[in-house]
Amino acid sequence: MEIQRIKIDVKNKAGTTTWNTDSHDRAHITIKPDICEVCPHQLCIAGCPTECFKIYDDVMKFQFEDCTECGTCAIMCDQDSVAWYYPRGTYGIQYNQG
Amino acid sequence: MDKTDVIIIGAGPAGASAAIKLAQGGKKVVLIDRGMPIGSKNLSGGVLWGNDLHEIIPNWQLEAPVERTIVNKKIGFLSVEDATVLDLHFDSWDKENYSGVSVLRAKFDEWLANEAQKAGAAVLSGIMIDSLIIKDGKVVGVKQNDEELFADTVIIAEGSNARLLLDHGLMKDPSKHRFERKEMLIGVKEVLTLTRDVMEERFLLDENTGLAGEFILGNVPDGVKAGGFFYTNKDTLSIGVVIHLDSLNSEVRSYEVIEYFKQHPLIAKYIKNAVSVEYGAKTVPEMGYDNFPPLYGDGYMVIGDAAGFVFSNGLVIQGMNYAIKSGILAADTIIEGGDLKNYEKKLNNSYVLKDFKKFKKVKKLTKNKRLFELYPTGINNALKDILTERGEPKQSLIKKALKAMKQSGIGLFSLIKDGLSARHI
Ligand SMILES: Cc1cc2nc3c(=O)[nH]c(=O)nc-3n(C[C@H](O)[C@H](O)[C@H](O)COP(=O)(O)OP(=O)(O)OC[C@H]3O[C@@H](n4cnc5c(N)ncnc54)[C@H](O)[C@@H]3O)c2cc1C
Ligand code: SF4
Ligand code: SF4
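For every chain, the first residue of the written sequence is number 1, and numbering continues from 1 along that sequence. The naming scheme follows written order: chains are lettered A onward, ligands numbered 1 onward. Where totals are concerned, whole chains, interfaces and linings use all residues; where local detail is concerned, this predicted model gives features only for residues with pLDDT of at least 70, and gives and counts side-chain atom pairs only at 80 or more. To obtain the side-chain values, all non-hydrogen atoms of the structure were included, while hydrogens and water were left out.

The secondary structure content of chain B amounts to 16 helices and 19 strands. Each radius of gyration reported is based on C-alpha atoms, and the globular scaling rule is 2.2 Å times the count of residues to the power 0.38. Taken against the 2.2 N^0.38 rule, which gives 22 Å for 425 residues, the C-alpha radius of gyration of chain B at 23 Å falls within 12% of a compact globule. Referenced to the eigenvectors of the C-alpha coordinate spread, the extents of chain B come out at roughly 85 × 50 × 40 Å. Working definition: with a 1.4 Å probe on protein chains only, accessible area under 20% of the residue-type maximum means buried, over 50% means exposed, and in between means partly exposed. For chain B, buried positions account for 59% of its 425 residues. Contacts were defined at the residue level, with two residues in contact if any of their heavy atoms lie within 4.5 Å. Restricting to contacts in chain B with at least 6 residues of sequence separation, those with at least 24 account for 72%. Using a 1.4 Å probe, accessible areas were evaluated by the Shrake-Rupley method; residue-level cover was limited to the displayed protein chains. Here chain B displays about 17,200 Å² of accessible surface, and carbon together with sulfur accounts for 51% of that area. Of note, chain B has its 55 positive side-chain charges centred 7 Å away from the centre of its 55 negative side-chain charges. Comment: elements are numbered from the N terminus, with helices defined as DSSP H or I runs of at least four residues and strands as E runs of at least two. In this charge count, Lys and Arg are treated as positive and Asp and Glu as negative; neither His nor the chain ends contribute. Lysine's charge is taken at NZ, arginine's at CZ, aspartate's at CG and glutamate's at CD.

Our focus in this paragraph is the overall build of chain A. The secondary structure content of chain A amounts to four helices and six strands. Written out in order from the N terminus, the α and β elements of chain A read α-β-β-α-α-β-β-α-β-β. Its C-alpha atoms put chain A at 40 × 40 × 25 Å along the principal axes. Look at the contacts in chain A between residues 6 or more apart in sequence, and 68% of them connect residues 24 or more apart.

With 47 residues of chain A in contact, the opposing surface of chain B contributes 58 residues. Summed over both partners, the accessible area (1.4 Å probe) lost when two parts come together is defined as the buried area. Together chain A and chain B conceal approximately 4,500 Å² of surface at their shared face, both sides included; 55% is due to carbon and sulfur atoms. Per-residue buried area on chain A facing chain B is highest for A:Ile75, A:Tyr95 and A:Gln97; these three make up 17% of the total on that side. The rule for a salt bridge is simple: a side-chain nitrogen of Lys or Arg has to be within 4 Å of a carboxyl oxygen of Asp or Glu. Joining chain A to chain B, the criterion identifies seven salt bridges. With its nearest N and O atoms 2.7 Å apart, the salt bridge here joins A:Arg5 to B:Asp222. Here a polar contact is recorded for every N or O atom pair within 3.5 Å, except that within protein the pair must consist of a potential hydrogen donor and a potential acceptor, and residues adjacent in sequence are included only if both atoms are side-chain atoms. In this assembly, chain A and chain B are joined by 32 residue pairs in polar contact (both at pLDDT 80 or more). Taken together, the elements giving at least two residues each to the side of chain A that touches chain B come down to α1 (10–14), α3 (43–47), α4 (72–76) and β6 (92–94) of chain A.

Residues and elements named next belong to chain B. Note: domain ranges come from an automatic or database domain assignment. For chain B, the domain assignment lists domain 1 (3–66 + 101–181 + 287–360), domain 2 (182–285) and domain 3 (364–424). Each of domain 1 and domain 2 has a C-alpha centre, and the two are 27 Å apart. On the side of domain 2, 27 residues touch domain 1, which itself brings 24 residues to the contact. In total, domain 1 and domain 2 occlude about 2,200 Å² of area from one another, counting both sides; carbon and sulfur atoms represent 59% of this. It is Leu-43, Arg-181 and Leu-315 in domain 1 that bury the most area against domain 2; as a group they hold 27% of the surface buried on that side. On the surface where domain 1 and domain 2 come into contact, there are two salt bridges. Across the salt bridge formed by Asp-305 and Lys-282, the nearest N and O atoms sit 3.6 Å from each other. Inspection of the region where domain 1 meets domain 2 yields twelve residue pairs in polar contact (both at pLDDT 80 or more).

Moving on, we come to the nonpolar core. B:Ile8, B:Ile155 and B:Phe309 are the most contacted members of the largest nonpolar core, which has 123 residues in total. Broken down by element, the residue count for this core peaks at nine residues, all from helix α9 (residues 320–335) of chain B. The residues that make up this core include at least three from each of domain 1 (3–66 + 101–181 + 287–360) and domain 2 (182–285) of chain B. Filtering out sequence-adjacent residues up to four positions away, B:Phe309 remains in contact with B:Phe292, B:Leu295, B:Gly304, B:Gln318, B:Gly319, B:Tyr322, B:Ser326, B:Tyr343, B:Leu347, B:Val352, B:Leu353 and B:Phe356. In this description, a nonpolar core means a group of buried Ala, Val, Leu, Ile, Met, Phe, Trp, Tyr and Cys residues linked to one another through side-chain atoms lying within 4.5 Å. If you look at the next biggest cluster of nonpolar residues, it comprises 19 residues, including A:Ile29, A:Ile31, A:Cys73 and A:Val82.

Structure representation (structure tokens):
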């Protein structure tokens, strides 16, 4: 039996989770778009659970606000594009359940 | 210069357990976590096997915010349409001291850190340690912005991403600065609300008993290897998937895999009318015994996930028990005043390293493509074939099963080979 492909809007889902977002100039993760442009796989997109990596007009855009701080992109990216840290204390995701 | 006996970085189950034991042993200990409140950064399945907690908090089951005592386990294989589920009802678990309980980590970790404070540890929340202070090869303290704090011993309990170990070259290979895809899994999880009445009726539960379901997902396309879990809490369900990062490809996204699980016909019935209230994700290390970082060094010890102490076999993930145990053993090492190398000796003599040595081969099985791609479908087809009455002459069961397996692409030799490695589970 053929597997039906599932597509969802994960941003919608992430809307149930709470964040204390830091200012833009303190983004805890940054990427180098010029490295991404020649990346052979762009596996960060497949790995990130909240779709923080997206290509607009052929350019990789990274958006840190919905980051779960899981660390997956730093592992998926083997091209040294991702500079990865946790946010400073008290900022970022806030689980009420976990 | 601010100096204490012990600094612990990270207040998950590993760090908080170490702090409690150290404070009980009369040590001056500072427990630091980046979350505020503590627990707000943490997520797991999660079923806690808390045997070792008795040692530091004798009545923990009565005091801790536990959700339900697990008395029903469902172990299943999901194919695209069908499911074969082994349904184990162990009501005797409810009467035992050693049973598993479901927990929600935001609440549980906050409680455990509070116990550390009650025992006499100084607990600092909302502080992210940027780096270790290393003098002449010895770890002597920690740093946040320009502030420094020093200690005789630093315990690294920072969890799975192990940033401090990577940044300071404290992995087995000092030049390693990130984990490989084959060494890590990602867990993607949701918490769904379901009223107590519905939950207890739907899953045959009493007021305090619960169920833990674990499934091999044979219904995700493109060879993605993933397991699915769902656990009952008091009035919520924890549901999620654990995905091998080296099996993800550009066609399937991590956040879609949890939907393949939730939308499977059987699982969809389990979670009918349940509403999602939280979504999150976290990595699970699966580096294996041979790739653990050095577990201690000059001035420091590594405990819990940071050390790689997580067991997974494609179905269950256990890390909290090893986190607690390794925390207690690190604390014992300091209290006894001996050399830090005693910590590794203690680990070797306990179930922690014994388990990881014994289960070295399980990793091979969990990386096995057949486990995820072929067996779930093969098992469902074989059983369906055996159990469907088509008015045809009956073949012997074994013959029939093998035939169905073969049609699903599983040969007799690989069955035997995988059977042999499965005995390590
Ligand atoms: C989806 C999923 C399901 C799981 N299911 C189960 C299960 O059912 N049963 C089970 O036993 N285990 C389960 N696990 C594994 C379990 O969650 C971990 O093994 C366990 O949390 C490890 O505890 P720890 O204390 O070592 O690390 P963590 O719990 O990760 O705690 C680390 C702490 O350190 C803090 N921290 C990190 N870096 C810094 C820093 N630089 N400065 C300050 N603070 C810092 C973090 O905020 C965090 O509080 C699951 C994991 C996942 C992802
Ligand atoms: S994997 Fe790395 S280099 Fe490739 S697109 Fe993603 S962030 Fe860029
Ligand atoms: S840490 Fe996780 S959630 Fe954050 S950007 Fe990376 S993959 Fe996405």
